[in-house]
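Summary of the model geometry
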Amino acid sequence: MRLTDISTDINDWFSGSGPLADIVVSSRIRLARNLAGHKFVGNCSDEEKSQILAELKAVLMSLDLGDEVFYISVDKASHLNRDLLVERHLISRHHAQAKGPRGAVIAKHESFTAMLNEEDHLRMQVLKAG
Amino acid sequence: MQCQICNKRTATIHLTEISEGVRTEMHICEQCAADQGIAAQSQMSINELLSHLLASQPADDEIFGPSDQESTCPNCGFTLARLRKEGMLGCPDDYEVFEQTLLPLIERAHNGNSTHCGKVPAKTPQKTKRLVQLSNLRRQLEVAVRSEDYELAARLRDEIKGLE
């Protein structure tokens, strides 16, 4: 899976195929959580952020999310790629511009995204049509 | 929209006058306004507007309490000064360390509530549902007592007793 695939895909959530599609285009649920036993992101050293990142990435990548899932190391991604993710509402502008180890787990059809080490350790969103 | 006086130029000045309960609107161009002696003036300068807005914001001390309450979280080294500056906490322990400062802030941000009092998901365990219900009833009881509606207060008190 390459990031460029996302740029040419038409997102499922915008397909108009969900329940009550004549009224509701899409629905999004967001959930933010912090791991116990760690400092909050704004107060973390880069070392601790890397630990949190590794811990969360391992768990998220092992889940069956019903779609092909890939991981992007946001701090190492190019500006162009970060902008693409922001424009597709897959990561926040804050996440694109922040500093230190951080990442994103994204399902191929964009129905699931998780930002790792944004303002919280884990910020997830689920996006579906209808 | 065309000027109501010359019927040629675009109306850029919109006047609304309410006199003795009757509202009249007038849309005219700048030139006709000048001819009529109507000066287009903003009611308040930007600086004036900004200083009014800033004056209505609570000062730091009002939000966070007097600044001499300096304390440090033994777990993460976070200080109240940083909370003031960054608006975010350093670790989960900070909620307890800075509880006295945080409680009024949380209440202010949530209409005077510091515990959840909204909807509860259907799958929530009965115990949690009961706790939320109890806290809602206690709040209603407080309001009933304050407004001297003792009949309602008695009913609420019985309901609370039943749940406890």
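Each value, and the rule that gives it
- Sequence order as written defines residue numbering, which begins from 1 separately in each chain.
- Note on labels: chains are lettered from A, ligands numbered from 1, in written order.
- Since the coordinates come from a predicted model, pLDDT governs what is reported: local features require at least 70, and pairs of side-chain atoms require 80 or more to be given and counted, while whole-chain, interface and lining totals use all residues.
- For side-chain calculations, the full set of non-hydrogen atoms in the structure is used, while hydrogens and water are omitted.
- Numbered from the N terminus, helices here are DSSP runs of H or I no shorter than four residues, and strands are runs of E no shorter than two.
- Partly exposed describes any residue whose relative accessible area lies between the buried limit of under 20% and the exposed limit of over 50%, with all areas from a 1.4 Å probe on protein chains only and scaled to the type maximum.
- Throughout, a residue-residue contact means that at least one pair of heavy atoms, one from each residue, lies within 4.5 Å.
- Per-residue and other accessible areas were derived by the Shrake-Rupley procedure at a 1.4 Å probe size, with only the shown protein chains allowed to occlude residues.
- Convention adopted: a line fitted to C-alpha atoms gives each axis, helices being fitted over their contacting stretch, and angles between N-to-C directions are expressed from 0 to 180 degrees.
- To sort the angles, those under 35 degrees are grouped as roughly parallel, those over 145 as roughly antiparallel, those from 65 to 115 as roughly perpendicular, and the leftovers as oblique.
- The sense of a crossing depends on the near helix, which, turned anticlockwise from the far helix by less than a right angle, makes the crossing left-handed and, turned clockwise, makes it right-handed.
- Each residue receives one of three labels: charged for Asp, Glu, Lys and Arg, nonpolar for Ala, Val, Leu, Ile, Met, Phe, Trp, Tyr, Cys and Pro, and polar for the others, Gly being one of them.
- Here, a strand pair is defined by DSSP locating no fewer than two bridges between the strands.
- Definitions used throughout: a 1 Å grid over protein atoms alone; a cavity as a set of points that fits a 1.4 Å probe which cannot get out; a pocket as an open set with protein on both sides within 12 Å along at least five of seven lines; a lining residue as one with an atom within 4 Å of a point.
- Grid points are joined across faces, edges and corners, and a volume is the space filled by probe spheres set on the points.

1. Things to note about the overall build of chain B
- When its secondary structure is counted, chain B shows eight helices and two strands.
- Mapped from its N terminus to its C terminus, chain B presents α and β elements in the order β-β-α-α-α-α-α-α-α-α.
- Here chain B, with 164 residues, has 20% of them falling under the buried criterion.
- The long-range fraction of contacts in chain B, counting pairs at least 24 apart against all pairs at least 6 apart in sequence, stands at 22%.
- Total accessible area computed for chain B in this model is approximately 12,400 Å², and 52% of it derives from carbon and sulfur atoms.

2. Considering the packing of helix α7 (residues 126-146) of chain B against helix α8 (residues 150-163) of chain B
All names here are of chain B.
- Contact geometry for α7 and α8: axes closest at 9 Å, N-to-C directions at 160°. Relative to α8, the element α7 lies roughly antiparallel. Where α7 crosses over α8, the handedness of that crossing is left-handed. Of α8, the residues touching α7 (which contributes Arg130, Gln133, Leu134, Leu137, Arg138, Gln140, Leu141, Ala144 and Val145) are Tyr150, Leu152, Ala153, Leu156, Arg157, Glu159, Ile160 and Leu163.
- Considered class by class, the residues forming the contact of α7 with α8 number 11 nonpolar, two polar and four charged.

3. What to know about the pairing of strand β1 (residues 13-19) of chain B
- With seven bridges connecting them, β1 of chain B and strand β2 (residues 22-28) of chain B associate as antiparallel partners. What sits directly across from histidine 14 of chain B, in β2 of chain B, is histidine 27 of chain B.

4. Quick word on the layout of surface pockets
- Estimated volume of the largest pocket: approximately 380 Å³.
- Lining the largest pocket are 18 residues, and of these Phe40 of chain A together with Gly87, Met88, Leu89 and Tyr95 of chain B lie nearest its centre.
- Among the elements of the structure, α4 (80-86) and α6 (99-109) of chain B are those that each provide at least two residues to the lining of the largest pocket.
- Per-element tally for the lining of the largest pocket: the top contributor is α6 of chain B, with three residues.
- Looking at the second largest pocket, its volume works out to about 240 Å³.
- Lining the second largest pocket are 15 residues, with Arg28, Arg30, Ser92, Met115 and Gln125 of chain A sitting closest to its centre.
- Broken down by element, the residue count for the lining of the second largest pocket peaks at four residues, all from strand β1 (residues 26-33) of chain A.
- Among the residues forming the lining of the second largest pocket, the class breakdown is eight nonpolar, four polar and three charged.

5. Brief notes about the sheet that holds β1 of chain A
Residues and elements named next belong to chain A.
- Reading across the sheet, the five strands line up as β1-β5-β4-β3-β2 and stay open at both edges, with antiparallel pairing between neighbours. Strands at the two margins of the open sheet, each flanked by one partner only, are β1 and β2 (69-73). When strand polarity is set aside, the average angle formed by the axes of neighbouring strands in this sheet is 15°.
- Sheet topology note: the strand β3 (residues 103-107)/strand β4 (residues 112-116) ladder contains four bridges and is antiparallel. Paired with isoleucine 106 across the strands is threonine 113, a residue of β4.
- The sheet contacts of helix α2 (residues 46-62) involve β2, β3, β4 and β5 (122-129), and relative to β4 the element is tilted by about 165°.

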